[in-house]
Amino acid sequence: MTQILIIVCSVAVNFILYYVFGSLVLFRRGSLAPPSLRVIVGFFSYYAVFFFFCVPVMKYYRPLSVLTKIWSAVVVIAVVMVCITDHGNWKRMFSSACERIGKHPRYVAGLCILITVQIILVACTYHFTLDAAYYVAGVATNVDTNMINVYDPFTGAWQDHFEMRYFFATYSVQDAVVCQLTGIAPLIWTKSVMATVIILLTNLVYVMTARELFALTDRTEGGQAESPAEPKILAMTAVILFVNLTFHTIYTASQFLMTRTYEGKAIVGNLALLSVFYLFLLMNDEKKRGLLIRPWFCVFLICFGASTISSTANMLMPVELTVLFLPLIFRIRRYRWLLPYAACAVPGMIFTLSYVLYVKGYFVFYTYPR
Amino acid sequence: MQGLSVFDKGIGYLEACLSYYNGETAYMLLYVLGLIYLLLKGTEKEKQVFLPCSIFLLLTVYNPVAPVLLDHFFDVNSEYYRFFWITPIVLLIPFLTVKLIFGVQERKSRWVLLLLLSCMLLLSGRFLYRNGILWADNIYKMPEDLMAVSKLIHEDTEAEYPKVFLEYEYNMQMRQYDPKLLLTIDREDYLYAVGNQFTEEMLEDPAHPQYKLIAALIKDQKVDMSDLLAALEETHTEYVVLDRQNQRIPWLTEAGLETVGEAGDHVVLKYRLKEPYTFELVDYSVVY
């Protein structure tokens, strides 16, 4: 029971931190970005910012505890900053959320049931996957040795150089930082806490995207919705769950989401790709485009954050940006968007290039001074 | 991807890759049908969202030449399928399903359509839990026996980091639960062993004594006992954990390994190293 309570509290704290980072990114005096968007953008910003603190500590083989102290300080500063700048909005957002729940109690209850089913399925079932031998064991090894990626997660042996395939994907190092700070076992943190967080975030994006998609269909000439969207959003979320449970071969993103939720690949294949799609939907809408706060910066943070979560993003995000935004840029003839579009693809391409150079033997980062 | 190679398949790689990706499911086909529906009946906004990106996907990800070109720069053999994740299948199919159902005003027709679409979705997929749900034994989501094996070893050993030979599944799981156990066998060696026998040449390779251990204890290949003991010594392996049914257990006990204990279906055996080995973490405090 205590463990379940720890998991619930950890999930809540994670969401608060993502909200904090999202609020910092989307802060603009006089404008209020939706809390859901703050949480999603905040999630990727959190890992993007963590990357900049993690890489130097790792590269110069400093202990994990040093990173834990630094990162704790960064998080405290971020929380204090948001408390100062944003506290006035909390009451307004809380009452707005309560009002919405009061208006559509059955819709909210339905969503809660659907999401709870998914959480139970991912957090309480047993799945044997080979890659956990790297990711989860990597977190456990970092915590145990108080070093960052210096020991081989598979065997525990010392490695004389960093494996560049995973060097820039610092997501699991953040897991190690939290495990060291809180004393939560890596297995519980990765397979229960983070799996629950990812399911909640992914469903949040499903709901946000469904709302926008039905707005495309339902809006009349005057801009008013023909019928309430909530039942449709609930129905669409239910069908998405059905697809995720049945679009099942060992390669599909749905399979990764439902059985390997804690892996970076699952986050990129579901959350990151869908978040960019959601922003594309908003930017595609002429009316909403003007209301968005720093939309390209949000896309950039999602792409960059995704690259720090899994190297899979390095190839996926540039292609997704191309297939979504290039047609949009040419259709609405907004060619100045070509620059931010290219900028969003740059981090992934740099990471890919450095990996290729490493494979071809141009450089190596040793784990000990030479 | 299951032995698929761009080099071997050429422009046929994409088709083979798609075939593996979709398996017995028909969601990709439903996605294409959804696009056709949007083309014929969709609103202007819906077309703007889904059609251009699908055309661009067709020109890039679903272009048979793309994997061949990419393969010149990166090894895409095992990961090309991840590009298919960009296709918004999980959004378009549910969106159109709901749109169609809510678009019908008459109650009876709506139920009929719901039934039809439900059947279509049911037939298009392959249920993840068709063989039942395997609930985790504990909060760690690890087999209880594995946790008991870890406990047995730590109770027996004086070393902080004892080295252990484990069978395939435990080898992949143990260090997630207990990073203080060092493993004799690397993941790649086990992945090789799953589908291959070890050749004489490999077994005689002095650089890889661990091959003899997998060959003898897992693959049931012929390996001399003296060679096996030498391999345990060279790899500093102090503990061997095998399934109770493993026919090599009597052979190992005869050779001098002691039984430390049993945990469920697993037996923990101890090999007394002739030259005691202590693994120590590298001291980085001297670096600065």
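Please read these numbers as outputs of a predicted model, since none were measured by experiment.

S.K.: Break down the overall build of chain B for me, with residues and values.
M.R.: Scanning chain B from N- to C-terminus turns up 14 helices and five strands. For chain B, whose C-alpha radius of gyration is 27 Å, the value lies well above the compact-globule estimate of 19 Å for 288 residues. Overall, the C-alpha framework of chain B stretches about 80 × 50 × 45 Å when taken along its three principal axes. Taken over 288 residues, chain B has a buried fraction of 36%. Considering only contacts in chain B between residues 6 or more positions apart, those separated by 24 or more positions represent 56%.

S.K.: Outline the pairing of strand E5 (residues 266-270) of chain B, supporting the account with residue identities and numerical values.
M.R.: Residue and element names in this part refer to chain B. Extensive coverage of E5 is indicated by the burial of four of its five residues. The pairing of strand E3 (residues 239-243) with E5 spans five bridges and is antiparallel. The residue of E5 that forms the bridge with leucine 242 is valine 267. Sheet analysis places strand E4 (residues 258-263) next to E5, joined by five bridges and oriented antiparallel. Bridging across to E5, glutamate 258 finds its partner in lysine 270. Following E4, the chain reverses through two residues before pairing antiparallel with E5; glycine 264 in that reversal takes a positive phi of roughly 60 degrees.

S.K.: Give a detailed account of the interface of chain B and chain A, specifying residues and quantitative values.
M.R.: Each side of the interface is counted separately: chain B has 63 residues, and chain A has 64 residues. For the side of chain B that touches chain A, the elements supplying multiple residues, two or more each, are helix H2 (13-22), helix H4 (44-59), helix H6 (89-103), helix H9 (168-177) and strand E2 (182-183) of chain B. When residues in the side of chain B that touches chain A are grouped by element, the largest group, 10 residues, is from H6 of chain B. Among the residues forming the side of chain B that touches chain A, the class breakdown is 43 nonpolar, nine polar and 11 charged.

S.K.: Please give an account of the nonpolar core that cites residues and values.
M.R.: One recurring pattern in soluble globular proteins: nonpolar side chains tend to sit buried together. Within the largest apolar cluster, 198 residues are counted, with the highest numbers of intra-cluster contacts made by Ala272, Ile302 and Leu316 of chain A together with Val241 of chain B. Considering each element in turn, this core owes the most residues, 18 residues, to helix H8 (residues 186-218) of chain A. Of the residues that make up this core, three or more belong to each of domain 1 (6-124) and domain 2 (144-270) of chain B. Excluding anything up to four places from it in sequence, leucine 316 of chain A contacts Val268 and Leu273 of chain A together with Arg82, Phe83, Trp85 and Ile86 of chain B.

S.K.: Could you give an account of helix H13 (residues 295-309) of chain A, with specific residues and numbers?
M.R.: Residues and elements named next belong to chain A. An ideal rise of 1.5 Å per residue puts 21 Å on 15 residues; H13 measures up with 21 Å between its terminal C-alpha atoms. Among the 15 residues that make up H13, 12 are buried, leaving the element largely enclosed by the rest of the structure. Burial in H13 covers these residues: Cys298, Val299, Phe300, Leu301, Ile302, Cys303, Phe304, Gly305, Ala306, Ser307, Thr308 and Ile309. Those residues of H13 that are buried lie in contact with helix H1 (2-25), helix H2 (35-59), helix H7 (171-182), helix H11 (264-284), helix H14 (312-331) and helix H15 (338-359).

S.K.: Which residues make up the sheet that holds E2 of chain B, and what are the values?
M.R.: Within the open sheet, the five strands sit side by side as E2-E1-E3-E5-E4 (chain B). Their pairing is mixed. Each of the sheet's edge strands pairs with one partner strand only, and the pair in question is E2 and E4 of chain B.

S.K.: Let's hear about helix H4 (residues 105-123) of chain A: which residues, and what values?
M.R.: One full turn of an α-helix is made of 3.6 residues, so residues set three or four places apart face in the same direction. Helix length check: H4 of chain A (19 residues) gives 26 Å between terminal C-alpha atoms against 27 Å at 1.5 Å per residue, within 8%. Taken as a whole, H4 of chain A has its buried residues at Tyr107, Leu111, Ile115, Gln118, Ile119, Leu121, Val122 and Ala123 of chain A.

S.K.: How would you summarise the packing of helix H12 (residues 210-217) of chain B against helix H13 (residues 225-234) of chain B if you had to cite specific residues and measurements?
M.R.: Residue and element names in this part refer to chain B. Direction vectors running N to C along H12 and H13 enclose 130 degrees, while the axes themselves pass 8 Å from each other. Considering their axes alone, H12 and H13 lie oblique with respect to each other. Every pair of crossing elements has a handedness; the one defined by H12 and H13 is left-handed. Contacts from Gln210, Lys212, Leu213 and Ala216 of H12 reach H13 at Asp227, Leu228 and Ala231. Across the contact of H12 with H13, the residue classes break down as four nonpolar, one polar and two charged.

S.K.: Tell me about the packing of helix H8 (residues 144-156) of chain B against H9 of chain B, and name the residues and values.
M.R.: All names here are of chain B. Look at H8 against H9: their axes get within 10 Å of each other, and the N-to-C directions meet at 65 degrees. Classified by the interaxial angle, the pair formed by H8 and H9 is roughly perpendicular. The hand of the H8/H9 crossing is right-handed. Residues Leu146, Met147 and Ser150 of H8 lie in contact with H9, whose contacting residues are Tyr170, Gln173, Met174 and Tyr177. For the contact of H8 with H9, the per-class residue count stands at five nonpolar, two polar and no charged.

S.K.: Provide a residue-level description of the environment of glutamate 158 of chain B, including the pertinent values.
M.R.: Among the secondary structure elements, glutamate 158 of chain B is positioned in the loop between H8 and strand E1 (163-165). Taking the C-alpha atoms as reference, glutamate 158 of chain B lies 9.9 Å from threonine 278 of chain B; in sequence the two are 120 residues apart.

Rules of the game
- Residues numbered from 1 in each chain as written.
- Chains lettered and ligands numbered in written order.
- Predicted model: local features only at pLDDT ≥ 70, side-chain atom pairs only at ≥ 80, totals over all residues.
- Helix = DSSP H or I, 4+ residues; strand = E, 2+ residues; numbered from the N terminus.
- Rg over C-alpha atoms; globule rule 2.2 N^0.38 Å.
- Buried ≥ 20, exposed ≤ 12 C-beta atoms within 10 Å, placed from the backbone.
- Contact = placed C-beta atoms within 7 Å.
- Pairing = 2+ DSSP bridges.
- Nonpolar A, V, L, I, M, F, W, Y, C, P; charged D, E, K, R; others polar.
- Core = buried A, V, L, I, M, F, W, Y, C linked by C-beta atoms within 7 Å.
- Domains from an automatic or database assignment.
- Expected span 1.5 Å × (residues − 1).
- Axes fitted to C-alpha atoms, helices over the stretch in contact; angles between N-to-C directions.
- Parallel < 35°, antiparallel > 145°, perpendicular 65-115°, else oblique.
- Left-handed = near helix turned anticlockwise from the far one by under 90°.

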